[in-house]
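# Observations on the three-dimensional arrangement
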Amino acid sequence: MLQCTIKEAYSLVKKPKNIIFYGKSNFIRRCKGLISRDEYLNNKKYLPLNCIGSGKPYKGNRFFELTSDLDKVIFKPNRKTKIILNI
């Protein structure tokens, strides 16, 4: 996750344009008054998780593991913590 954060921060610094966090369409809908402040804040919570896999040493993303039936993703941010995400 640290590598993903560093890559994303580098790409933000590299691009000298205006950046809208939490979704451009969500921001535009809020500015036009189509959604309330509470809906805007609620939509911010449910953005997709962005995680980039690593190269040769780990052969993919070492924090995420798909189950064999492809209905759950196991997120392991450290050795002791396992979070099961249902798809």
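First, a word on what this report is: a plain description of the structure on this page. (Residues numbered from 1 in each chain as written. Predicted model: local features only at pLDDT ≥ 70, side-chain atom pairs only at ≥ 80, totals over all residues. Heavy atoms only, no water.)

## Details of the overall build of the chain
Helix and strand counts for the chain stand at 3 helices and 3 strands. Helices and strands in the chain line up, N terminus first, as α-α-α-β-β-β. Counting all 87 residues of the chain, 10% fall into the buried class. Within the chain, contacts between residues separated by at least 24 positions form 13% of all contacts whose residues are at least 6 apart in sequence. Only carbon and sulfur atoms are counted for the fraction: they give 56% of the accessible area of the chain, which is about 7800 Å². (Helix = DSSP H or I, 4+ residues; strand = E, 2+ residues; numbered from the N terminus. Buried < 20%, exposed > 50% of the residue type's maximum accessible area, 1.4 Å probe, protein only. Contact = heavy atoms within 4.5 Å. Areas by Shrake-Rupley, 256 points an atom, 1.4 Å probe, with all protein chains shown as cover.)

## Some remarks on a nonpolar patch on the surface
Taken together, the side chains of Ile 20, Phe 27 and Ile 28 present a nonpolar region at the surface, about 230 Å² in accessible area. With respect to the helices, strands and loops of the structure, Phe 27 is situated in helix α2 (residues 24–31). Given the relative accessible area of 34%, Phe 27 is considered partly exposed. (Patch = residues over 30% accessible without salt bridge, like charges linked within 9 Å, V, L, I, M, F, W, Y side chains within 5 Å. Salt bridge = Lys/Arg side-chain N within 4 Å of Asp/Glu carboxyl O.)

## Remarks on the side chain of Asn 26
Position of Asn 26 among the secondary structure elements: in helix α2. For Asn 26, the side chain forms a polar contact with the side chain of Asn 43, separated by 3.1 Å. Excluding residues that lie within four positions of it along the chain, Asn 26 makes contacts with Ile 35, Tyr 40, Asn 43 and Lys 44. (Polar contact = N/O pair within 3.5 Å; in protein donor to acceptor, adjacent residues only side chain to side chain.)

## Some thoughts on the sheet that holds strand β1 (residues 64–66)
Spatially, 3 strands are ordered β1-β2-β3 in an open sheet, and the strand pairing comes out antiparallel. Looking at which strands have only one partner, the edges of the open sheet turn out to be β1 and β3 (83–86). Averaged over neighbouring strand pairs, the angle between their axes works out to 25 degrees when direction is ignored. Pairing of β1 with strand β2 (residues 72–75), which is carried by 3 bridges, proceeds in the antiparallel orientation. Bridge pairing in β2 places Phe 64 opposite Phe 75. (Pairing = 2+ DSSP bridges. Axes fitted to C-alpha atoms, helices over the stretch in contact; angles between N-to-C directions.)

## Quick word on the packing of α2 against helix α3 (residues 37–45)
Taken N-terminus to C-terminus, the directions of α2 and α3 make an angle of 175 degrees; their axes are 10 Å apart at the nearest point. Between α2 and α3, the angle falls in the class roughly antiparallel. The segment α2 lies against α3, with Asn 26, Phe 27 and Arg 30 engaging Arg 37, Tyr 40, Asn 43 and Lys 44. Partitioned by chemical class, the residues of the contact of α2 with α3 number 2 nonpolar, 2 polar and 3 charged. (Parallel < 35°, antiparallel > 145°, perpendicular 65-115°, else oblique. Nonpolar A, V, L, I, M, F, W, Y, C, P; charged D, E, K, R; others polar.)

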